[in-house]
Every structure is written in C-alpha cells, then in structure tokens.
Amino acid sequence: MSTRSLILDYLKKNAGQTSVSGKILAGRFSVTRAAIHKQIRGLRQAGYSIVGKSRCGYRFEASENILDVRQIRSALSAERFYGHLEYHPVLSSTQDVAKDRAFHGEPEGTVVIAERQTSGRGRLGRRWISSPGGLWFSIILRPALSPRSIPSLPLVAALVLCRTIEEVVSLKAGLKWPNDVWIRGKKVAGILAEMSSESDRVQWVVLGLGLNCLNSVPSDVISPAGSLADLTGSRSVPRQEILTKFLGEFRKAYQRYLMEGFAAFRADYRRRSVLIGRDVTVNTSTGKRRGRVVDVDGEGRLVLRLSPGRNIVLSEGDVVPGSLRQEGRGRDGD
Ligand code: BTN
C-alpha cells in the first residue's frame, strides 16, 4: 500500500477526533513533514476533504460526495469484469485516455474516471463542460458483435443510468433518444460511444458517461441542463453509490445485451421515453426530418411518422426538444 493510502487510512481511523499533527504523521510513516504535506495535497486533489490548521494538524472529514476508488474497487471485486479502474483528479477527457488504453490492448471492463475534464466531449463534436463534482467516466468494451449493432449499446447504458438514478436519489428519470437522461425537463446525463472496428468485427467500444451531480451546469436554452444537486435540492449527492451501482448493473445488462440484443431492453426504454407521441424535428446527417415519434424499434432506432401511413426509421440524429414529456410514459402505454 502506498504512503498516501496509509496516511488516508490513518486519518480516516482518527476522523471525528482531534487533528493529527504533521509531526506525528511524519514519525509514524518515517518520512519528512514536507513529504506528508505533499501527500495531503495529493489526497485533496483526489477529492478527499482533509482539514488542516497550522499547529493543530490534519483531520479527515467524511463526505458522501467523495469518490473513493479503493472502495469502488472492493465493492466490485466480485464482478471480476472491472479489472482495472483508474481515477484522475484531472484529465483532458476520459474518452481520450480510455481510447488510448483500448488501442494498446487494455482489456474490456477498464474504467477511467476523472474528477474534472479540461476538454470533455459530447455527441456531434459538442463541448461537454466537466467541472468537479460531476461523474465523468469511460468504459472500455470489446463486444463480439457486428459494428452494425453497436448504436443501440449506449441506449442500454442510458437505460441503466436512468434506473440507477431513480433508485439512488428517488427522482423519476426519462430517456431522450438516443441516450440522454432527462429529469423534469432538464438533461442531467449524456453518453458518447466511440468505436474502432473492422468491416464485420468490433475491436473496441469506449462508452463515455457524463452525469451532472454537484457540478455547476451551463445554462443552455436549446438543451437545458440540470444537476442532481439542483433537482434534489440537496448538496449531498451520493456519487460513489451511483457510480458503483451503475457499474454493477451495467455489467449485467451488457452481458444480456450480448445474448439478446436491444430487444431485451426495448419495453423499459419505450416506457421511459420522453419523445414517444411528440412532434419533433430531427437533424440527421442527411438533413432535417419533421414528424411524430411513434416508437423506438427492436434495434434502438427512432420511428418517426412523417404523415399518416408514412413512417421512417432513423439510426442517428439529434432530436430538437420541443416540449418533452416530464418523464417516461408509464406502464399502461407499453
Ligand atoms: C452528450 O450528451 O453529448 C454525451 C456527453 C458525454 C460526456 C462524457 S463525460 C466522460 C466522457 N469523456 C468525455 O470527454 N465525454 C464523455
């Protein structure tokens, strides 16, 4: 175990009591006080709240807003799937790091998490503002599937995220096709999928998830964003629980997806759709389409009614939100 982890454990054991001086820590771990100070700075950068007062020492403040990667690892250890989980205080983009790892052969189940991203990316080349307090992470996957089936994979991840948010923070969450999570008319999460493939074989997929938790969100009138802190009215959002639960549930869903495809998730996805029944404009790579969303098909494509009896299916596009349903459709619409 590294000196940093040992210091953290020691401070945690003493949390709630009086502070521990730098001198005591230095003696205990046989390093200089300057080295202790450096390690404390590293722990703070990693998101731990360690209060320090001159001549008093350091005290760990427990916080449910913290991401403790060791705890996440140990909670997921039975999963085996997530063999390599890395956490960075700051990255340009978790996508870039995960893609680089995938390119160099890192196995499926590798997760790259950042507290902050300086060049976070969204779909369609948009910027994704990623200040501290959100959940920004990317997962490497190596599905033995045809590249054609991959567009529905992020829909499954969005569905699992939707269920997770509902379970952990008790807010009803809906899905805006293809893979945005909306709560009370605001986008709280988005997913970016990037892939490398040969003509009939996927080499890797990197799924990048961004969830606004405690971070400040940009105000954007076209796609209004919200955070879980705003929507719950509480500054304590259990990010670690959300991340751990999501990863556990996503692993199960992914394995089911490999066997049964999107069809296994379609009913729940449709139920949570904020678009079905709405008149929308979809900006696609081949132009604008206007119509009423009537369905999401078994391959995760959007079914748009252009006029009575004339439906088209779209496998890509950006739906311009008009007035969206507040959340999903409810069971009776299924
Ligand atoms: C979107 O809705 O446009 C997708 C947003 C995806 C953002 C996440 S945050 C973690 C990962 N790293 C990135 O740079 N982007 C994704």
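Quick note: structure is the one above.
Overview of the structure. Every value quoted in this text rests on a predicted model; they were computed, and no experiment measured them.

Overview of the packing of aromatic side chains
A ring pair, where both rings are aromatic, is described by two values, the distance of the centres and the angle of the planes. In total, this model carries 8 aromatic pairs according to the counting rule given. Arranged with centres 6.0 Å apart and planes meeting at 90 degrees, the rings of Y10 and F29 form a pair that is edge-to-face. Here Y10 is found in helix α1 (residues 3-13), whereas its partner F29 is found in helix α2 (residues 22-29), with 19 residues between them in sequence. Each member of the pair, Y10 as well as F29, carries the same accessibility label: buried. Taken together, a centroid distance of 5.9 Å and an interplanar angle of 20 degrees make the contact between F250 and Y254 stacked. On the criterion of helical spacing, the pair formed by F250 and Y254 is a turn pair, its members being 4 residues apart in helix α8 (residues 239-260).

With respect to the nonpolar core
Among soluble globular proteins, nonpolar side chains are generally buried collectively. In this structure, F137, I139, L211, L228, F246, L247 and F250 are the most contacted members of the largest nonpolar core, which totals 71 residues. With 12 residues, helix α6 (residues 153-169) is the largest single contributor of residues to this core. Looking at this core, you find at least three residues from each of domain 2 (69-271) and domain 3 (272-327). Those residues within four positions of F246 in sequence are excluded, and the remaining contacts are F137, I139, A157, V160, L161, T164 and L209. Among the nonpolar cores identified, the runner-up in size contains 16 residues, and Y10, I36, L43 and Y48 belong to it.

Some points on the packing of α1 against α2
For the pair α1 and α2, interaxial distance at closest approach is 11 Å and the crossing angle is 125 degrees. One finds that α1 runs oblique with respect to α2. Remark: the crossing between α1 and α2 carries right-handed chirality. Only I24, L25, R28 and F29 of α2 make contact with α1, whose side of the interface consists of T3, L6, I7, Y10 and L11.

Thresholds applied
Along every chain, residues carry numbers that run from 1 in the direction the sequence is written. Local features in this predicted model are restricted to residues of pLDDT 70 or higher, and side-chain atom pairs are both shown and tallied only at a pLDDT of 80 or more, whereas totals for entire chains, interfaces and linings draw on every residue. Side-chain metrics rest on all non-hydrogen atoms present in the structure, leaving aside hydrogens and water. For Phe, Tyr and Trp, rings pair up if their centres lie within 6.5 Å, where Trp contributes its six-membered ring, and each pair is then called stacked (planes under 30 degrees apart), edge-to-face (over 60) or tilted (otherwise). A helix here means a DSSP run of H or I that spans at least four residues, while a strand means a run of E at least two residues long, and both kinds are numbered starting from the N terminus. Each residue is placed in one exposure class: buried if its accessible area under a 1.4 Å probe, protein chains only, is under 20% of its type's maximum, exposed if it is over 50%, and partly exposed if it falls in between. Grouping buried Ala, Val, Leu, Ile, Met, Phe, Trp, Tyr and Cys residues that are joined through side-chain atoms within 4.5 Å yields what is termed a nonpolar core. As used throughout, domain bounds are those supplied by an automatic or database domain assignment. Note on definitions: a residue-residue contact is assigned when non-hydrogen atoms from the two residues lie within 4.5 Å. Lines fitted to the C-alpha atoms define the axes, with helices restricted to the stretch that makes contact. Angles between their N-to-C directions range from 0 to 180 degrees. Here is the rule for angles: anything less than 35 degrees is roughly parallel, anything more than 145 is roughly antiparallel, 65 through 115 is roughly perpendicular, and the remaining ranges are oblique. Two helices that cross are described as forming a left-handed crossing if the nearer one is turned anticlockwise from the farther one by less than a right angle, and a right-handed crossing if clockwise.

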